[in-house]
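Read off the chains here:
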Amino acid sequence: MFRLPFFKKSKQNKQQIDTIHNVPEHIAIIMDGNGRWAKQRGLPRLAGHKQGMDNIKDIVRTANKHGVKILTLYAFSTENWKRPKSEVDYILKLPKEFIHIYLPELIEENVQIKTIGAFDLLPEHTQQAVNEAKKRTEANNGLILNIALNYGSRDEILQAIKQITRDVQSNSLDIEKLDEQIVSNYLYTKDFIDPDLVIRTSGEQRLSNFLLWQIAYAEFWFTDVYWPDFDETVFEQALHDYQSRKRRFGGLTNNKLKQE
Ligand code: IPE
Ligand code: IPE
Ligand code: MG
């Protein structure tokens, strides 16, 4: 009795997404709930992180299928260092494992791997693995898989303020010319358009220091589903809901291009 309407609904959504082209170009996801997913199953938190890592490939595939251009995934925040060392060490080994398992498939799918965050402060082995993945995918021109690793928005803005100040002091930047676009160029995200849609899993409704400058006009979508269970059907529900949002950017029409 419960299953039938659910099945009907997801099938209907699938059809709509396949034919409607208002797909967000840049989606940013706060992948939350790995620990609770594990706890729910009587497993250690680390098992949740492993399952969460394995989920990324499926979500990349779905994003690719619908023509998303940039997928930014929040994998480790500047505040996550507060966790027990054993958990931090484990999380920071996952990029290497992910790359080892999935890089050939990602290359085949024409995915480019990029990162945002304080990269130099990551362990050497994490940096090496990620750098290799970046290098091996740099000639690709498909979906950008942008991983936020040791990322914190306030830290990013602080570093930008410091660099802007240095550039003004050394006369390489005229303070009178400083505008929003120039500030954006000092951020890790300088090569990307701002996210159109931010998704957070696990029922939390907060940003946890994610892309504060960049998501000034993003749409938000929250789900109670824990990240390891966030599958194609749930993702497509988010895409479907996005398609009916009216984005006005402070104006009166629902057209991003017209506003810019
Ligand atoms: C998200 O899952 C992964 C990271 C923050 C690294 P959590 O580890 O935060 O899982 P919960 O929120 O404790 O369930
Ligand atoms: C946000 O999740 C960071 C990542 C998903 C990497 P957290 O679990 O760290 O966020 P809080 O502490 O609940 O706000
Ligand atoms: Mg969490």
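Here we summarise the structure given alongside this text. Computed from a predicted model, the values in this text were never measured in an experiment.

### A short note on the overall build of the chain
Helix and strand content of the chain: 9 helices and 6 strands. Referenced to the eigenvectors of the C-alpha coordinate spread, the extents of the chain come out at roughly 70 × 50 × 35 Å. Sorting the 260 residues of the chain into buried and exposed places 45% on the buried side. Taking the intrachain contacts of the chain between residues at least 6 apart in sequence as the baseline, contacts between residues at least 24 apart amount to 76%.

### Here's the deal with the site of ligand 1
Around ligand 1 lies a shell formed by Met31, Asp32, Gly33, Asn34, Gly35, Arg36, Arg45, His49, Ala75, Asn80, Arg83 and Ile91. Within the side chain of Arg45, a nitrogen or oxygen atom sits 2.9 Å from an oxygen atom of ligand 1. Interatomic distance of 2.7 Å between a side-chain N/O atom of Arg83 and an oxygen atom of ligand 1. For ligand 1, whose accessible area on its own is 380 Å², the fraction buried by protein is 86%. Elements with a contribution of two residues or more to the shell around ligand 1: α2 (34–40) and α3 (45–65). Looking at the shell around ligand 1 residue by residue, the class counts come to 3 nonpolar, 5 polar and 4 charged.

### Quick look at the site of ligand 2
Neighbouring ligand 2 are the residues Ile30, Met31, Asp32, Tyr74, Ala75, Phe76, Asn80, Arg83, Arg200, Arg206 and Ser208. Interatomic distance of 2.8 Å between a side-chain N/O atom of Arg206 and an oxygen atom of ligand 2. About the coverage of ligand 2: the protein hides 77% of its 390 Å² of free accessible area. Considering every element that reaches the shell around ligand 2, the biggest residue donor is strand β2 (residues 70–77), with 3 residues.

### Digging into helix α6 (residues 153–169)
Taking 1.5 Å per residue, 17 residues should reach 24 Å; α6 reaches 24 Å between its end C-alpha atoms and fits that length. Of the surrounding secondary structure, the elements contacted by the buried residues of α6 are β4 (144–151) and α7 (180–185). Asn171 lies just past α6 and shows a positive phi near 65 degrees.

### Let's talk about the environment of Leu149
By the secondary structure assignment, Leu149 is in strand β4. Spatially, the C-alpha atoms of Leu149 and Pro24 are 23 Å apart, while their sequence positions differ by 125 residues. Sequence-distant contacts of Leu149, that is, excluding residues within four places in its chain, are made with Ala75, Phe76, Pro95, Thr115, Ile116, Gly117, Ala118, Leu122 and Val130.

### Overview of the packing of aromatic side chains
Scanning all chains against the criterion turns up 10 aromatic pairs. Aromatic side chains Phe230 and Phe235 sit 5.6 Å apart centroid to centroid with 45 degrees between the ring planes, which places their arrangement in the tilted category. Of the residues examined, Phe235 reaches a relative accessible area of 0% and is grouped as buried. The structure contains a cluster of three or more aromatic residues connected by ring pairs, namely Tyr74, Tyr151, Tyr188 and Phe210.

### Comments concerning the sheet that holds β4
With parallel pairing, the 6 strands of this open sheet are ordered in space as β3-β4-β2-β1-β5-β6. Every interior strand has two partners, whereas the edge strands, β3 (112–116) and β6 (219–222), have only one. Pairwise comparison of adjacent strand axes, ignoring direction, gives a mean angle of 20 degrees for this sheet. Note: strand β5 (residues 197–200) against β6, 4 bridges, orientation parallel. Residue pairing across strands places Ile199 opposite Trp221, the latter belonging to β6. Relative to β3, helix α5 (residues 124–137) is tilted by about 135 degrees, and along the sheet it contacts β3 and β4.

### Comments concerning the pairing of β4
Of all 8 residues making up β4, 8 are buried, and the element is well covered by its neighbours. Looking at chain direction, β2 and β4 are connected through 7 bridges and run parallel. Bridging across to β4, Leu71 finds its partner in Leu145. Judged from the 5 bridges that link them, β3 and β4 form a sheet pairing that is parallel. Counted as the bridge partner of Gln112 is Ile144 from β4. As a crossover connection, the stretch from β3 through α5 into β4 is left-handed.

Analysis parameters
- Residues numbered from 1 in each chain as written.
- Chains lettered and ligands numbered in written order.
- Predicted model: local features only at pLDDT ≥ 70, side-chain atom pairs only at ≥ 80, totals over all residues.
- Heavy atoms only, no water.
- Helix = DSSP H or I, 4+ residues; strand = E, 2+ residues; numbered from the N terminus.
- Buried < 20%, exposed > 50% of the residue type's maximum accessible area, 1.4 Å probe, protein only.
- Contact = heavy atoms within 4.5 Å.
- Near = heavy atom within 4 Å.
- Polar contact = N/O pair within 3.5 Å; in protein donor to acceptor, adjacent residues only side chain to side chain.
- Areas by Shrake-Rupley, 256 points an atom, 1.4 Å probe, with all protein chains shown as cover.
- Nonpolar A, V, L, I, M, F, W, Y, C, P; charged D, E, K, R; others polar.
- Expected span 1.5 Å × (residues − 1).
- Phe/Tyr/Trp six-rings, centres within 6.5 Å; stacked < 30°, edge-to-face > 60°.
- Pairing = 2+ DSSP bridges.
- Axes fitted to C-alpha atoms, helices over the stretch in contact; angles between N-to-C directions.
- Right-handed = clockwise from strand over helix to strand, strands pointing away.

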